[in-house]
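# Examining the three-dimensional arrangement
Next come the chains, spelled out residue by residue.
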Amino acid sequence: MDTQKKYTDSGLEIKPVYTSDDLPSTKTEKPGDFPFTRGVQPDMYRGKLWTMRQYAGFSTAEESNKRYHYLLSQGVSGLSVAFDLPTQIGYDSDHPLAEGEVGKVGVAIDSIEDMQTLFNDIKLEEVSTSMTINATGFILLSLYVALAKQQGADLKKISGTIQNDILKEYAARGTYIYPPKPSMRIITDIFEWCSNEVPKWNTISISGYHIREAGSTAVQEIAFTLSNGKAYVQAALKKGLDINVFGKRLSFFFNSHNNLFEEVAKFRAARKMWAHIMKDLGATDPKAMMLRFHTQTGGSTLTAQQPLNNISRVTIQTLAAVLGGTQSLHTNGYDEALSLPTEEAARIALRTQQVVAFESGAPDTVDPLAGSYFIESLTNETEAAAWKLIGKIDAMGGSVPAIEQGFIQNEIARSAYEYQKNIETGEKIIVGVNKFHIDEPGKIPILRVDDSIRAVQAGKLERLRSNRNPAKCDQLLQLLSDKASSGENIMPVVVEAVENKCTLGEIADTLREIFGEYK
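Residues numbered from 1 in each chain as written. Predicted model: local features only at pLDDT ≥ 70, side-chain atom pairs only at ≥ 80, totals over all residues. Heavy atoms only, no water.

## A few points about the overall build of the protein chain
- Looking only at helices and strands, the protein chain features 20 helices and eleven strands.
- In terms of overall size, the protein chain behaves like a compact globule, its C-alpha atoms giving a radius of gyration of 23 Å where 519 residues would be expected to give roughly 24 Å.
- Seen through its principal axes, the protein chain has C-alpha atoms that stretch 75 × 60 × 45 Å.
- By the burial criterion, 57% of the 519 residues in the protein chain qualify as buried.
- The long-range share in the protein chain, meaning contacts at least 24 apart out of those at least 6 apart in sequence, stands at 78%. (Helix = DSSP H or I, 4+ residues; strand = E, 2+ residues; numbered from the N terminus. Rg over C-alpha atoms; globule rule 2.2 N^0.38 Å. Buried < 20%, exposed > 50% of the residue type's maximum accessible area, 1.4 Å probe, protein only. Contact = heavy atoms within 4.5 Å.)

## Considering the packing of aromatic side chains
- Applying the stated rule across the entire model yields 18 aromatic pairs.
- Ring geometry for Tyr170 versus Tyr518: centroids 4.7 Å apart, planes at 70°, classification edge-to-face. Here Tyr170, found in helix H5 (residues 167–173), pairs with Tyr518, found in the segment after helix H20 (504–515); they are 348 residues apart in sequence, far enough to count as distant.
- What makes Tyr518 partly exposed here is its relative accessible area of 25%.
- For the pair Phe191 and Phe246, a centre-to-centre distance of 5.8 Å together with 15° between the ring planes defines the contact as stacked. Within this pair, whereas Phe191 is found in helix H6 (residues 180–197), its partner Phe246 is found in helix H9 (residues 243–246), the two being separated by 55 residues in sequence. Phe246 carries the same exposure label as Phe191, and that label is buried.
- Taken together, the aromatic side chains of Phe252, Phe254, Phe267, Trp274 and Phe293 make up a single cluster linked through ring pairs.
- Here Lys15 stacks its cationic end above the ring of Tyr18, 5.4 Å away from the centre of that ring.
- When the ring centre of Phe34 is taken as origin, the NZ or CZ atom of Lys279, which lies over that ring, is 4.7 Å away. (Phe/Tyr/Trp six-rings, centres within 6.5 Å; stacked < 30°, edge-to-face > 60°. Lys NZ or Arg CZ within 6 Å of the ring centre and 35° of its normal.)

## Structural notes on the packing of H6 against helix H8 (residues 218–238)
- Orientation of H6 relative to H8, taken along the N-to-C sense of each, is 70°, at an axis distance of 10 Å. The orientation of H6 with respect to H8, classified from their angle, is roughly perpendicular. Crossing of H6 against H8: the hand is right-handed. Two secondary-structure elements touch here, H6 through Met184, Ile187, Thr188 and Phe191 and H8 through Ala231, Tyr232, Ala235 and Ala236.
- Residue composition of the contact of H6 with H8, grouped by class: seven nonpolar, one polar and no charged. (Axes fitted to C-alpha atoms, helices over the stretch in contact; angles between N-to-C directions. Parallel < 35°, antiparallel > 145°, perpendicular 65-115°, else oblique. Left-handed = near helix turned anticlockwise from the far one by under 90°. Nonpolar A, V, L, I, M, F, W, Y, C, P; charged D, E, K, R; others polar.)

Below is the structure:
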């Protein structure tokens with residue numbers, strides 16, 4: 001690259017100065033109007049601030065429940081649940097493959113009893129819950145619904161999101177169970193069932209976050225995410241679902257990195273592109289064309305060196321998400337390059353959002369950077385570069401074939417390699433890592449998760465299995481197997497199975513026998 005020239009992290013050239021000649025020749029667009037470049041609501045944060053979520057989940061349901069009560073007392077308006085690896089890939093805590101992983105990167109949930117503990121003294125009708133869960137998303141949603149029923153909640157009122165985005169698992173993250181086609185079938189079962197039973201639930205959070213964490217650029221993040229979104233919509237249409245109904249329950253999940261202006265342009269471009277994609281697929285209701293999204297600040301941007309610098313990084317990323325019009329936001333703890341966040345780090349992360357909300361003035365007007373020569377030009381260039389990539393994916397037959405052929409994975413790997421190379425040559429400066437070093441004593445306290453948790457969970461599972469109706473469980477698991485084979489919607493029987501104390505692992509294994517595993 002020419003060192004005299006400047007580029008965004010996506011490789012788009014930045015000119016030394018922008019003028020009115022760089023503005024796109026479009027009429028002035030209003031926020032809340034198609035294609036929603038300037039935001040999905042006419043008044044944005046003047047009407048209601050974004051939802052401040054803090055992602056938490058570690059060790060046992062008891063420990064996570066304490067953290068939720070603490071976060072609610074500190075002013076969060078939505079909970080986000082992180083699950084441990086065995087829960088994500090459909091193994092009970094006492095399964096041999098779960099050893100060493102129980103409770104480590106999130107909370108262990110094996111059964112309805114764990115779910116009762118996780119949300120003890122929290123009324124599901126009064127809180128919005130987001131769950132980062134994909135391959136077993138249908139089971140966790142069933143557990144949540146079963147618990148809401150036990151609490152006497154009106155299912156028409158419970159709100160939240162399951163991530164449920166399996167395509168990015170094959171491309172970037174790796175917590176899949178079944179092959180792509182049966183996985184897509186489970187997702188459309190969820191769409192169909194939720195539109196009737198839990199209409200306020202967001203049935204999928206189509207996720208660019210992990211694509212970016214795996215090393216993609218901002219342009220690739222939106223191109224691959226919107227392409228995956230298109231594949232889900234086409235699968236639902238094929239099943240005969242109404243795009244104007246399920247389209248309103250689709251949400252997105254993006255990353256926010258340090259290049260402030262590139263990130264704002266990315267969010268604006270994504271909204272505009274999705275509106276056109278949905279319109280082209282047949283949506284006529286404006287609400288079904290709106291791209292609503294959750295943002296999390298960039299985990300991969302956090303450094304283990306001089307970790308307090310991460311507070312500044314997260315502040316810039318928070319500002320980018322707010323200026324870009326996010327609907328909800330999670331801010332990372334400064335210590336997350338070292339461990340799960342401590343209570344202090346989680347509190348500072350939440351306070352960062354509150355300072356931006358109440359002290360910065362950023363929410364006072366809608367889309368405050370609109371009309372900036374630079375931002376408008378960058379929004380257009382980002383959009384054009386993303387459409388080019390989507391065109392390549394469409395030519396392969398869409399996201400599923402592009403993933404099966406390894407195209408998306410290879411593109412991400414190439415970008416990650418380039419980025420790392422630029423850090424190592426010093427072309428890309430990371431403060432405290434490849435420049436401005438100091439000798440630092442390791443005095444940041446870190447959160448450690450005890451290995452004894454697996455034994456605790458195994459004990460709970462043993463008690464659960466001896467305290468249920470085994471014949472009823474066998475009958476329900478057989479019924480699940482039959483419905484999976486026949487193509488009927490599996491959701492009603494999964495809800496009944498968890499209510500009767502079938503475990504997450506038993507349900508996942510029943511479907512492994514029918515669908516096989518993706519290798």
